[in-house]
Amino acid sequence: MSDNAIRVRDLTKTFGGKTQLFGRASHEVRALTKVSVDLKQGETLAVVGESGSGKSTLARILVGLETPTSGTIEIAGQSADDLRKQGPKAFGRTVQYVFQETVASLNPRKTIAQILETPLSLLAGHAAPERKSRMRELMQAVDMPEDALDRYPHEMSGGQAQRMAIARALAAEPDILILDEPVSALDVSVQAQVLLLLQRLKDELGLSYLFISHDLAVVEAIADRVAVMHFGEIVELEEAGRLFREPVHPYTQKLLQSAPRIAR
Ligand code: ADP
Ligand code: MG
(Lines give C-alpha, C1' and ligand atoms only; values in the text may rest on other atoms or scores of the structure.)
(Ligands and ions follow the chains in the order given, each with its own letter.)
Protein backbone atom coordinates (compact mmCIF):
# COMPACT_ATOMS: atom_id res chain seq x y z
CA MET A 1 0.00 0.00 0.00
CA SER A 2 1.28 3.47 -0.83
CA ASP A 3 2.00 5.99 1.91
CA ASN A 4 -0.59 8.33 0.53
CA ALA A 5 -4.27 7.94 1.29
CA ILE A 6 -4.98 10.54 -1.39
CA ARG A 7 -2.71 11.92 -4.08
CA VAL A 8 -3.89 14.93 -6.12
CA ARG A 9 -1.92 16.37 -9.05
CA ASP A 10 -2.61 19.52 -11.04
CA LEU A 11 -6.30 19.55 -10.22
CA THR A 12 -8.15 22.34 -12.01
CA LYS A 13 -11.86 23.07 -11.93
CA THR A 14 -13.65 25.69 -13.98
CA PHE A 15 -17.36 26.37 -13.54
CA GLY A 16 -19.52 27.91 -16.26
CA GLY A 17 -18.04 29.56 -19.32
CA LYS A 18 -20.28 27.61 -21.68
CA THR A 19 -23.10 29.14 -23.68
CA GLN A 20 -26.24 28.62 -21.66
CA LEU A 21 -29.94 28.55 -22.36
CA PHE A 22 -31.09 31.45 -24.62
CA GLY A 23 -27.51 31.96 -25.77
CA ARG A 24 -26.33 33.80 -22.70
CA ALA A 25 -22.69 33.05 -21.94
CA SER A 26 -22.21 32.41 -18.24
CA HIS A 27 -19.27 33.90 -16.45
CA GLU A 28 -16.39 31.49 -16.03
CA VAL A 29 -15.22 30.79 -12.48
CA ARG A 30 -11.88 29.10 -11.91
CA ALA A 31 -12.48 27.41 -8.54
CA LEU A 32 -9.24 25.38 -8.47
CA THR A 33 -5.97 25.99 -10.29
CA LYS A 34 -3.38 23.21 -10.51
CA VAL A 35 -3.84 21.95 -6.98
CA SER A 36 -1.33 19.27 -6.01
CA VAL A 37 -1.50 17.78 -2.54
CA ASP A 38 -1.06 14.45 -0.73
CA LEU A 39 -3.02 13.21 2.23
CA LYS A 40 -0.61 10.91 4.03
CA GLN A 41 -1.77 7.70 5.63
CA GLY A 42 -2.93 8.43 9.19
CA GLU A 43 -2.54 12.19 9.17
CA THR A 44 -4.93 15.08 9.58
CA LEU A 45 -4.34 17.48 6.74
CA ALA A 46 -6.21 20.73 7.14
CA VAL A 47 -7.20 22.81 4.15
CA VAL A 48 -7.71 26.38 5.26
CA GLY A 49 -8.75 29.49 3.37
CA GLU A 50 -11.36 32.20 3.17
CA SER A 51 -14.86 31.61 1.86
CA GLY A 52 -14.81 31.07 -1.90
CA SER A 53 -11.18 29.91 -2.02
CA GLY A 54 -12.17 26.50 -3.45
CA LYS A 55 -12.08 24.24 -0.38
CA SER A 56 -15.50 22.66 -0.87
CA THR A 57 -14.91 22.24 -4.59
CA LEU A 58 -11.80 20.21 -3.75
CA ALA A 59 -13.79 18.08 -1.28
CA ARG A 60 -16.68 17.56 -3.69
CA ILE A 61 -14.34 16.49 -6.49
CA LEU A 62 -12.56 14.03 -4.18
CA VAL A 63 -15.82 12.29 -3.29
CA GLY A 64 -17.12 12.37 -6.88
CA LEU A 65 -19.84 15.00 -6.51
CA GLU A 66 -18.09 17.20 -9.09
CA THR A 67 -15.88 16.23 -12.01
CA PRO A 68 -12.51 17.93 -12.41
CA THR A 69 -11.74 19.97 -15.51
CA SER A 70 -8.24 18.48 -15.53
CA GLY A 71 -5.77 16.78 -13.23
CA THR A 72 -5.41 13.39 -11.55
CA ILE A 73 -6.60 11.89 -8.28
CA GLU A 74 -5.41 8.68 -6.68
CA ILE A 75 -7.17 7.24 -3.66
CA ALA A 76 -5.57 4.41 -1.67
CA GLY A 77 -3.09 3.81 -4.48
CA GLN A 78 -5.47 3.68 -7.44
CA SER A 79 -7.06 6.25 -9.70
CA ALA A 80 -10.29 7.65 -8.30
CA ASP A 81 -12.05 6.75 -11.57
CA ASP A 82 -10.95 3.12 -11.33
CA LEU A 83 -12.05 2.96 -7.71
CA ARG A 84 -15.45 4.44 -8.58
CA LYS A 85 -15.90 1.99 -11.46
CA GLN A 86 -15.67 -0.85 -8.95
CA GLY A 87 -18.98 0.39 -7.58
CA PRO A 88 -20.35 2.35 -4.63
CA LYS A 89 -19.20 -0.27 -2.16
CA ALA A 90 -15.51 -0.11 -3.07
CA PHE A 91 -15.59 3.68 -3.07
CA GLY A 92 -17.78 4.12 0.01
CA ARG A 93 -15.65 1.75 2.06
CA THR A 94 -12.58 3.82 1.22
CA VAL A 95 -13.76 7.44 1.48
CA GLN A 96 -16.62 9.03 3.37
CA TYR A 97 -17.74 12.64 3.52
CA VAL A 98 -19.00 14.71 6.46
CA PHE A 99 -20.07 18.28 5.90
CA GLN A 100 -21.31 21.37 7.63
CA GLU A 101 -25.07 21.32 7.04
CA THR A 102 -25.49 18.11 8.98
CA VAL A 103 -29.15 18.28 9.80
CA ALA A 104 -29.89 18.96 6.13
CA SER A 105 -27.68 16.02 5.13
CA LEU A 106 -29.65 13.54 7.25
CA ASN A 107 -32.98 12.39 5.79
CA PRO A 108 -35.70 14.07 7.93
CA ARG A 109 -38.17 11.22 7.40
CA LYS A 110 -35.85 8.53 8.75
CA THR A 111 -34.84 7.68 12.28
CA ILE A 112 -31.14 7.45 13.07
CA ALA A 113 -31.40 3.64 13.01
CA GLN A 114 -32.90 3.78 9.52
CA ILE A 115 -30.22 6.23 8.42
CA LEU A 116 -27.44 3.91 9.66
CA GLU A 117 -29.10 0.86 8.11
CA THR A 118 -28.12 1.73 4.53
CA PRO A 119 -24.34 2.06 4.91
CA LEU A 120 -24.23 -0.87 7.34
CA SER A 121 -25.90 -3.22 4.86
CA LEU A 122 -24.91 -1.83 1.45
CA LEU A 123 -21.38 -0.62 2.17
CA ALA A 124 -20.10 -2.56 5.19
CA GLY A 125 -22.09 -5.65 4.14
CA HIS A 126 -23.47 -6.56 7.56
CA ALA A 127 -26.41 -8.95 7.91
CA ALA A 128 -29.42 -7.85 10.00
CA PRO A 129 -28.37 -9.24 13.42
CA GLU A 130 -24.88 -7.74 13.09
CA ARG A 131 -26.35 -4.41 12.06
CA LYS A 132 -28.11 -4.01 15.40
CA SER A 133 -24.91 -4.57 17.36
CA ARG A 134 -22.90 -2.35 14.99
CA MET A 135 -25.46 0.43 15.54
CA ARG A 136 -24.97 0.18 19.29
CA GLU A 137 -21.19 0.24 18.85
CA LEU A 138 -21.43 3.28 16.59
CA MET A 139 -23.56 5.15 19.13
CA GLN A 140 -20.98 4.36 21.78
CA ALA A 141 -18.17 5.45 19.49
CA VAL A 142 -19.71 8.91 19.05
CA ASP A 143 -20.75 9.22 22.72
CA MET A 144 -24.50 9.06 22.11
CA PRO A 145 -27.09 7.10 24.10
CA GLU A 146 -28.58 4.05 22.38
CA ASP A 147 -32.11 5.43 22.48
CA ALA A 148 -31.03 8.17 20.06
CA LEU A 149 -31.30 5.45 17.40
CA ASP A 150 -35.09 5.87 17.51
CA ARG A 151 -35.00 9.64 17.15
CA TYR A 152 -35.29 11.83 14.06
CA PRO A 153 -32.53 14.27 13.03
CA HIS A 154 -34.65 17.37 13.75
CA GLU A 155 -35.11 16.19 17.34
CA MET A 156 -31.38 16.66 17.91
CA SER A 157 -29.08 19.57 18.68
CA GLY A 158 -26.50 20.61 16.10
CA GLY A 159 -23.74 18.83 18.01
CA GLN A 160 -25.75 15.61 18.31
CA ALA A 161 -26.67 15.69 14.62
CA GLN A 162 -23.00 16.16 13.76
CA ARG A 163 -22.16 13.08 15.87
CA MET A 164 -24.79 11.18 13.90
CA ALA A 165 -23.29 12.32 10.59
CA ILE A 166 -19.92 11.08 11.82
CA ALA A 167 -21.50 7.76 12.89
CA ARG A 168 -23.11 7.39 9.47
CA ALA A 169 -19.75 8.00 7.78
CA LEU A 170 -18.06 5.46 10.10
CA ALA A 171 -20.79 2.88 9.45
CA ALA A 172 -19.23 2.27 6.05
CA GLU A 173 -15.89 1.43 7.74
CA PRO A 174 -13.89 3.82 5.55
CA ASP A 175 -10.15 4.51 5.67
CA ILE A 176 -10.45 8.20 4.84
CA LEU A 177 -12.81 10.93 6.01
CA ILE A 178 -13.26 14.17 4.09
CA LEU A 179 -14.60 16.65 6.63
CA ASP A 180 -15.87 19.93 5.14
CA GLU A 181 -16.30 22.52 7.91
CA PRO A 182 -17.54 19.78 10.27
CA VAL A 183 -17.68 22.01 13.36
CA SER A 184 -18.25 25.45 11.83
CA ALA A 185 -21.99 25.50 12.60
CA LEU A 186 -21.47 24.54 16.25
CA ASP A 187 -21.00 26.60 19.42
CA VAL A 188 -17.38 26.83 20.53
CA SER A 189 -17.81 24.47 23.52
CA VAL A 190 -19.56 21.86 21.33
CA GLN A 191 -16.86 22.36 18.69
CA ALA A 192 -14.22 21.35 21.20
CA GLN A 193 -16.11 18.16 22.11
CA VAL A 194 -16.59 17.13 18.49
CA LEU A 195 -12.92 17.85 17.72
CA LEU A 196 -11.87 15.64 20.63
CA LEU A 197 -14.23 12.94 19.39
CA LEU A 198 -12.77 13.13 15.87
CA GLN A 199 -9.25 12.93 17.27
CA ARG A 200 -10.08 9.85 19.36
CA LEU A 201 -11.85 8.08 16.48
CA LYS A 202 -8.92 8.75 14.19
CA ASP A 203 -6.49 7.20 16.67
CA GLU A 204 -8.73 4.21 17.45
CA LEU A 205 -9.67 3.43 13.86
CA GLY A 206 -6.46 4.45 12.10
CA LEU A 207 -8.24 6.93 9.84
CA SER A 208 -6.81 9.67 7.63
CA TYR A 209 -8.57 13.05 7.64
CA LEU A 210 -8.80 15.79 5.07
CA PHE A 211 -10.18 18.49 7.33
CA ILE A 212 -11.52 21.64 5.70
CA SER A 213 -12.04 24.79 7.74
CA HIS A 214 -11.96 28.55 7.43
CA ASP A 215 -11.28 28.74 11.18
CA LEU A 216 -7.59 28.82 12.12
CA ALA A 217 -8.24 28.11 15.81
CA VAL A 218 -9.97 24.86 14.84
CA VAL A 219 -7.18 23.98 12.42
CA GLU A 220 -4.50 24.65 15.02
CA ALA A 221 -6.30 22.31 17.42
CA ILE A 222 -6.48 19.32 15.07
CA ALA A 223 -4.10 19.48 12.09
CA ASP A 224 -0.80 17.67 11.55
CA ARG A 225 -0.20 19.61 8.34
CA VAL A 226 -1.94 22.61 6.83
CA ALA A 227 -2.56 23.56 3.20
CA VAL A 228 -3.45 27.23 2.75
CA MET A 229 -5.78 27.95 -0.17
CA HIS A 230 -6.15 31.35 -1.78
CA PHE A 231 -8.27 31.90 -4.91
CA GLY A 232 -8.17 28.22 -5.84
CA GLU A 233 -4.45 27.69 -5.33
CA ILE A 234 -2.47 26.13 -2.50
CA VAL A 235 -0.06 28.90 -1.59
CA GLU A 236 1.59 27.18 1.39
CA LEU A 237 1.69 23.61 2.69
CA GLU A 238 3.54 22.98 5.92
CA GLU A 239 3.63 21.02 9.15
CA ALA A 240 1.08 22.72 11.45
CA GLY A 241 3.36 23.82 14.28
CA ARG A 242 5.80 25.35 11.85
CA LEU A 243 3.13 27.07 9.77
CA PHE A 244 1.66 28.76 12.83
CA ARG A 245 5.15 29.72 14.12
CA GLU A 246 6.79 30.78 10.89
CA PRO A 247 4.29 31.41 8.10
CA VAL A 248 6.20 32.06 4.88
CA HIS A 249 3.62 33.15 2.32
CA PRO A 250 2.33 36.72 2.73
CA TYR A 251 -1.26 35.48 2.49
CA THR A 252 -0.70 32.97 5.31
CA GLN A 253 0.85 35.74 7.40
CA LYS A 254 -2.18 37.94 6.74
CA LEU A 255 -4.59 35.12 7.67
CA LEU A 256 -2.74 34.46 10.94
CA GLN A 257 -2.62 38.14 11.86
CA SER A 258 -6.35 38.56 11.40
CA ALA A 259 -7.37 35.44 13.34
CA PRO A 260 -7.94 34.96 17.06
CA ARG A 261 -5.45 32.43 18.37
CA ILE A 262 -5.66 29.65 20.89
CA ALA A 263 -2.72 28.66 23.04
CA ARG A 264 -0.78 25.64 21.86
P1 ADP B 1 -15.08 27.49 -0.26
O2 ADP B 1 -15.59 26.14 0.12
O3 ADP B 1 -13.62 27.67 0.00
O4 ADP B 1 -15.89 28.59 0.35
P5 ADP B 1 -16.06 26.83 -2.92
O6 ADP B 1 -15.28 25.66 -3.36
O7 ADP B 1 -17.43 26.58 -2.43
O8 ADP B 1 -15.23 27.66 -1.85
O9 ADP B 1 -16.16 27.85 -4.12
C10 ADP B 1 -15.04 28.25 -4.88
C11 ADP B 1 -15.51 29.13 -6.03
O12 ADP B 1 -16.22 28.33 -6.97
C13 ADP B 1 -16.43 30.25 -5.62
O14 ADP B 1 -16.16 31.35 -6.44
C15 ADP B 1 -17.80 29.68 -5.92
O16 ADP B 1 -18.72 30.70 -6.17
C17 ADP B 1 -17.54 28.84 -7.16
N18 ADP B 1 -18.45 27.69 -7.26
C19 ADP B 1 -18.54 26.64 -6.42
N20 ADP B 1 -19.46 25.76 -6.83
C21 ADP B 1 -19.97 26.26 -7.99
C22 ADP B 1 -20.98 25.83 -8.92
N23 ADP B 1 -21.62 24.66 -8.76
N24 ADP B 1 -21.23 26.61 -9.98
C25 ADP B 1 -20.58 27.77 -10.17
N26 ADP B 1 -19.63 28.24 -9.35
C27 ADP B 1 -19.32 27.50 -8.27
MG1 MG C 1 -17.05 25.58 1.54
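Residues numbered from 1 in each chain as written. Chains lettered and ligands numbered in written order. Predicted model: local features only at pLDDT ≥ 70, side-chain atom pairs only at ≥ 80, totals over all residues. Heavy atoms only, no water.

A. Geometry of unusual backbone geometry. Of note in this structure, D10 is not a glycine but carries a positive phi near 55°. Relative to the assigned elements, D10 resides in strand 1 (residues 4-15). Given the relative accessible area of 37%, D10 is considered partly exposed. One non-glycine residue, K34, lies in the positive phi region at around 45°. Counting through the fold element by element, K34 comes out in strand 2 (residues 29-40). (Helix = DSSP H or I, 4+ residues; strand = E, 2+ residues; numbered from the N terminus. Buried < 20%, exposed > 50% of the residue type's maximum accessible area, 1.4 Å probe, protein only.)

B. Fine view of the environment of D38. For D38, the position within the fold is in strand 2. On a C-alpha basis, the gap between D38 and Q257 in space is 27 Å, while along the polypeptide they are 219 residues apart. Those residues in contact with D38 that sit more than four places away from it in its chain are N4, I6, R7, V8, R9, E43, L45 and R225. Among the polar contacts made by the side chain of D38, one reaches the side chain of R9 at a distance of 3.0 Å. (Contact = heavy atoms within 4.5 Å. Polar contact = N/O pair within 3.5 Å; in protein donor to acceptor, adjacent residues only side chain to side chain.)

C. Geometry of the side chain of R163. For R163, the position within the fold is in helix 7 (residues 158-171). Excluding its chain neighbours within four sequence positions, the residues that come into contact with R163 are V142, D143, M144, Q193, V194 and L197.

D. Inspection of helix 5 (residues 112-123) at higher detail. For helix 5, built from twelve residues, the straight-helix expectation of 16 Å at 1.5 Å per residue is met to within 8% by its first-to-last C-alpha distance of 17 Å. The complete set of buried residues in helix 5 reads I112, A113, I115, L116, P119, L120 and L123. All buried residues of helix 5 fall inside an arc of 160° around its axis, so they share one side. Looking at the residues trailing helix 5, positive phi occurs at G125, about 70°. (Expected span 1.5 Å × (residues − 1). Arc of directions from axis to C-beta.)

E. Expanded view of the sheet that holds strand 7 (residues 176-180). Taking strand neighbours across the sheet as the criterion, the six strands line up as 6-7-8-3-9-10 in an open arrangement whose pairing is mixed. The open sheet terminates on both sides in strands that have one partner only, identified here as strand 6 (95-99) and strand 10 (233-239). On average, each strand axis in the sheet is inclined to that of its neighbour by 15°, with strand direction left out of account. Of the strand pairs in this sheet, strand 9 (residues 225-230) and strand 10 are connected by six bridges, and their pairing is antiparallel. Bridge assignment links V228 to a residue of strand 10, and that residue is E236. Contacting strand 9 and strand 10, helix 11 (residues 250-258) crosses the sheet at an angle of about 100° to strand 9. (Pairing = 2+ DSSP bridges. Axes fitted to C-alpha atoms, helices over the stretch in contact; angles between N-to-C directions.)

F. Main features of the pairing of strand 3 (residues 44-48). Of all five residues making up strand 3, five are buried, and the element is well covered by its neighbours. Both faces of strand 3 are covered, namely the face carrying T44, A46 and V48 and the face carrying L45 and V47. As paired elements, strand 3 and strand 8 (residues 208-213) share five bridges and run parallel to each other. If you follow V47 over to strand 8, its bridge partner there is I212.

G. Up close: the site of ligand 1. Residues in contact with ligand 1, as listed here, are F15, V29, A31, E50, S51, G52, S53, G54, K55, S56 and T57. In this structure, an oxygen atom belonging to ligand 1 sits 3.1 Å away from a main-chain N or O atom of G54. A distance of 2.6 Å separates an oxygen atom of ligand 1 from a polar side-chain atom of T57. Listed by contribution, the elements that provide at least two residues to the shell around ligand 1 are strand 2 and helix 1 (55-62). When residues in the shell around ligand 1 are grouped by element, the largest group, three residues, is from helix 1. Residue classes in the shell around ligand 1 are distributed as three nonpolar, six polar and two charged. (Near = heavy atom within 4 Å. Nonpolar A, V, L, I, M, F, W, Y, C, P; charged D, E, K, R; others polar.)

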